[in-house]
Amino acid sequence: MNLDKREHMGAVVVELAGEVDLQHSPRLRKALMELMLEHRDVVVDMGGVSYIDSSGIASLVEAYQMARKGGGRFILAAVSQPALRVLQLARLDKVFAIAETVDGAVGA
Amino acid sequence: MSDTRRVTVEVRRLNTHYGTRQILKDVSLDVREGEIMVIMGGSGSGKSTLLNHLLGLLRPTSGTVKVLGKDINTASALDVQELRTRMGVAFQSGALFSSMSVGDNIALPLREHTRLDAMTIGIMTRLKLEVVSLAGFEDLMPSELSGGMIKRAALARAIVMDPKLLFCDEPSAGLDPVVASSIDDLILRLRDAMGMSIVVVTHDLDSAFKIADRICVLDQGDVLALDTVAAIRNSPNERIQNLLNRRTEEAEVDPDAYLRRLLGERARQDGEDDSQQRHLP
């Protein structure tokens, strides 16, 4: 799993790529928790995610809930097909804010 | 065109016995990544025995079983333990712990095998309950569930670790057709979303035809056929057609063996010949 952060138009873009599985998802959770505690607007660029398991999805759910409580924004962007299928399996595509592109998410 | 997907289960020339009775005869099969393989056959065909060998619960007389690249009978205990974290099993009876709530049953593999924090485990558990349409049932005890709900809870526990390989033993047995069909749909969605290899043991023809990529038909321990759904449907083999058309087969009568059974006499052991038999007191 690759995880990079960059600033883009006032939001933090978390670029997530590779396989997000049991082994790596605690690192994703920690990074997202830190950002949510700073009350930052966060866009997760999921274009490069080749696989995400339910521990990775759980980290996204927790971060999203923190954003809702803290008043920040938490948007998934450019979600890859493998990641989208997993979100759809649990109907979470109806729950998360999802944007087609990072620019679209930041400008939303 | 050859199938280039990774082989997740590889069985080669598997022979097994219970005592002196041979159960599986020279069984070979492969299951590939993302494939749904249905093992089908009547009662006593050896399908449950084959499943137990795939799970490493029985030792074969001869032959090999490789799961996710490792020989399950010669791998170290540590390797087998690691393999089991990448395999999920939904047992026919559900095999839920009756003293634990549904939620605790489903969370158990995560608590035993991972160091994920409690919040993540809680979300993953409830996520799987959503997937199997049991949302909100986590605090119930297994005794409070219907048969179909127990099957779905067992499936939720089997997939909670997002295994690469899922085994389902008679997932729709004893369920009404609508609930059975919903479990078939769920198996298909799991494969499509997670790319799992899934091995399903069933005697339910409708279910087999709906979900299988390939079907392995076992008959008295032999692989009668191993092919796609279309090829099995169109097979000219009489025994397969009997199975598909639910025709019973008259067992051939061996008069000597029949008489021995009625008289309570033991069958001859290997190495005993007729002269020995005649000289027995």
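Higher on the page you've got the structure.
Below is a summary of the structure that appears in this document.

Rules of the game
- Residues numbered from 1 in each chain as written.
- Chains lettered and ligands numbered in written order.
- Predicted model: local features only at pLDDT ≥ 70, side-chain atom pairs only at ≥ 80, totals over all residues.
- Heavy atoms only, no water.
- Salt bridge = Lys/Arg side-chain N within 4 Å of Asp/Glu carboxyl O.
- Helix = DSSP H or I, 4+ residues; strand = E, 2+ residues; numbered from the N terminus.
- Buried < 20%, exposed > 50% of the residue type's maximum accessible area, 1.4 Å probe, protein only.
- Patch = residues over 30% accessible without salt bridge, like charges linked within 9 Å, V, L, I, M, F, W, Y side chains within 5 Å.
- Areas by Shrake-Rupley, 256 points an atom, 1.4 Å probe, with all protein chains shown as cover.
- Pairing = 2+ DSSP bridges.
- Axes fitted to C-alpha atoms, helices over the stretch in contact; angles between N-to-C directions.
- Contact = heavy atoms within 4.5 Å.

With respect to the pattern of salt bridges
Proximity of charged atoms lets side chains of opposite charge pair with each other. All names here are of chain B. Scanning the entire structure with this criterion turns up 21 salt bridges over all chains. With a closest N to O distance of 2.6 Å, arginine 214 and glutamate 35 form a salt bridge. Residue arginine 214 is located in strand S9 (residues 214–219), and its partner glutamate 35 is located in the loop between strand S2 (21–32) and strand S3 (36–40); the two are separated by 179 residues in the primary sequence. A relative accessible area of 21% means that arginine 214 is categorised as partly exposed. Glutamate 35 sits in the buried class, given a relative accessible area of 2%. Linking aspartate 219 and arginine 239 is a salt bridge whose minimum nitrogen-to-oxygen distance equals 2.7 Å. Of this pair, aspartate 219 sits in strand S9 while arginine 239 sits in helix H9 (residues 238–244), and the two are 20 residues apart along the sequence. The class for arginine 239 is partly exposed, based on a relative accessible area of 32%.

Let's talk about a nonpolar patch on the surface
Residues and elements named next belong to chain B. On the surface, Val253, Tyr258, Leu259, Leu262 and Leu263 cluster together into a nonpolar patch covering about 550 Å² of accessible area. With respect to the helices and strands, tyrosine 258 occurs in helix H10 (residues 255–262). On the basis of relative accessible area, tyrosine 258 is assigned to the partly exposed category, the value being 40%.

Points about the sheet that holds strand S2 (residues 11–20) of chain A
All names here are of chain A. Across the sheet, which stays open at both edges, the five strands sit in the order S1-S2-S3-S4-S5 with mixed pairing between neighbours. Each edge of the sheet is formed by a strand with only one pairing partner; in this case those strands are strand S1 (2–8) and strand S5 (97–99). Taking the axes of each pair of neighbouring strands and ignoring which way they run, one obtains an average angle of 25 degrees across the sheet. With seven bridges connecting them, S1 and S2 associate as antiparallel partners. Counted as the bridge partner of leucine 3 is leucine 16 from S2. Together, strand S3 (42–52), strand S4 (74–77) and S5 form the strand contacts of helix H3 (residues 81–89), whose direction differs from that of S3 by roughly 100 degrees.

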